[in-house]
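The primary structure of each chain is shown beneath.
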Amino acid sequence: MAPQKDARRRPAYRLAVVGRIVLAVAGGYAVAALLTALLALTLPLVRSEAVATATLLSFAVMVAVVIYVFAAPTLGRAALTVAGLAAVLGGGLWLAGGFAAVGAA
C-alpha cells in the first residue's frame, strides 16, 4: 500500500488557507473601517474623541474578525458571516448619513 499524502499537502487545503488569509485581511479591514466610520458619526462625544475611540476599538474588532475567520468550521461560513457583518455595518453607516456628499448643494 502506498502511503497517502498528508492532507496539508493537497492543493484544496492550501487554497482554503490562502482564502482564509485573504478573507481575514480584507474582511477584517472592511469590517473595522465600517465600524470606525459608523462609531465616529454616532458616538455622543466630541468629534475628535469619537474618532479616537472608534479608531482604538477598530484594532480589537479586526483582531476578533481574524480570529473568527480562522476558527470558523468552513471558509464559506466565515465569508458569509464577515459579509453579513459588513452589510449590516454598511447599512447602519448609510442610515447615519456617512455616504452623504460633503458640501453638496
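Look up: the structure comes first, before these words.
Nothing here was measured: the structure is a model prediction, and the numbers come from that model.

Visitor: I'm lost on the overall build of the protein in this one. Help?
Guide: Of the regular secondary structure elements, the protein holds three helices and zero strands. The helix and strand sequence of the protein, counted from the amino end, reads α-α-α. Scored against the burial criterion, the 105 residues of the protein give a buried share of 25%. Element-wise, carbon and sulfur atoms account for 72% of the exposed surface of the protein, whose accessible area totals about 7300 Å².

Visitor: Whenever I open this one, a nonpolar patch on the surface confuses me. Can you help?
Guide: Taken together, the side chains of Tyr13, Val17, Ile21, Val25 and Phe70 present a nonpolar region at the surface, about 440 Å² in accessible area. Broken down by element, the residue count for the nonpolar patch peaks at four residues, all from helix α1 (residues 11-42).

Visitor: How should I be thinking about the packing of α1 against helix α2 (residues 47-71) in this particular structure?
Guide: Relative placement of two packed helices is described by the angle separating their axes and the distance separating the axes. Between α1 and α2, the shortest axis-to-axis distance is 8 Å and the interhelical angle comes to 155°. With respect to each other, α1 and α2 are oriented roughly antiparallel. When you trace α1 past α2, the crossing you get is right-handed. Partitioning the contact of α1 with α2 into residue classes produces 21 nonpolar, five polar and two charged.

Visitor: Explain the packing of α1 against helix α3 (residues 75-95) to me, please; I cannot follow it from the model alone.
Guide: At a minimum axis distance of 9 Å, the contact between α1 and α3 shows a crossing angle of 15°. Regarding the angle of α1 to α3, the classification is roughly parallel. With respect to the hand of their crossing, α1 and α3 are arranged in left-handed fashion. The residues of α3 that touch α1, namely those facing Ala16, Gly19, Arg20, Leu23, Gly27, Val31, Leu34, Leu35, Ala37, Leu38 and Leu41, are Leu75, Ala78, Ala79, Val82, Leu85, Ala86, Leu89, Gly90, Gly92 and Leu93.

Visitor: How should I be thinking about the nonpolar core in this particular structure?
Guide: Where a protein is soluble and globular, its nonpolar side chains tend to be buried together. Core analysis: the biggest nonpolar cluster contains 18 residues, and Val31, Val65, Val69, Val82 and Leu89 have the highest contact counts within it. Those elements that place two or more of their residues in this core are α1, α2 and α3. Ignoring anything within four residues of it in the chain, the contact list for Val31 reads Val61, Val65, Val82, Leu85, Ala86 and Leu89.

Visitor: Help me understand the side chain of Thr36 in this model?
Guide: By the secondary structure assignment, Thr36 is in helix α1. Setting aside residues up to four positions removed in sequence, Thr36 forms contacts with Ala54, Thr55 and Ser58.

Visitor: How should I be thinking about α3 in this particular structure?
Guide: Because each turn of an α-helix spans 3.6 residues, side chains separated by three or four positions in sequence point in the same direction. Taking 1.5 Å as the rise per residue, α3 with 21 residues should run 30 Å; its terminal C-alpha atoms sit 30 Å apart, in good agreement. Against the buried residues of α3 lie α1 and α2. Immediately downstream of α3, the backbone of Gly97 shows phi near 85°, a positive value.

Visitor: How do you make sense of the environment of Ala26 when you look at a structure like this?
Guide: The residue Ala26 is located in helix α1 in this model. Considered as a pair, Ala26 and Val66 are 40 residues apart in the sequence and their alpha carbons are 9.7 Å apart.

Basis of the calculations
Here the residue index of a chain counts from 1 through its sequence in written order. Per-residue local features of the predicted model are confined to residues with pLDDT of at least 70, and side-chain atom pairs are confined, for both listing and counting, to 80 or more; whole-chain, interface and lining totals are unaffected and use all residues. Processing note: side-chain calculations cover all non-hydrogen atoms of the structure and skip hydrogens and water entirely. Strands here mean DSSP runs of E at least two residues long; helices mean DSSP runs of H or I at least four residues long; both are numbered from the N terminus. For every residue, the accessible area (1.4 Å probe, protein chains only) is compared with the maximum for its type, and the residue is labelled buried under 20%, exposed over 50%, or partly exposed between those bounds. Here the open area of atoms and residues is found with the Shrake-Rupley method and a 1.4 Å probe, where only the protein chains shown may cover a residue. A patch is a set of surface residues, each over 30% in relative accessible area and not in a salt bridge, joined within 9 Å for like charges and within 5 Å for the nonpolar side chains Val, Leu, Ile, Met, Phe, Trp and Tyr. By definition, a salt bridge exists where a carboxyl oxygen of Asp or Glu is found within 4 Å of a side-chain nitrogen of Lys or Arg. Only the contacting stretch of a helix is used when fitting its axis, a line to C-alpha atoms as for every element, and angles between N-to-C directions run 0 to 180 degrees. An angle counts as roughly parallel when it lies under 35 degrees, as roughly antiparallel when it exceeds 145, as roughly perpendicular when it falls between 65 and 115, and as oblique in every other case. By definition, turning the near helix anticlockwise from the far helix through less than a right angle yields a left-handed crossing, and turning it clockwise yields a right-handed one. Ten residue types, Ala, Val, Leu, Ile, Met, Phe, Trp, Tyr, Cys and Pro, are classed as nonpolar, four, Asp, Glu, Lys and Arg, as charged, and the remainder, Gly among them, as polar. Contacts: residue pairs with any heavy atoms within 4.5 Å of one another. Working definition of a nonpolar core: buried Ala, Val, Leu, Ile, Met, Phe, Trp, Tyr and Cys residues. They are joined through side-chain atoms within 4.5 Å. Expected span of a helix: the number of residues minus one, times 1.5 Å.

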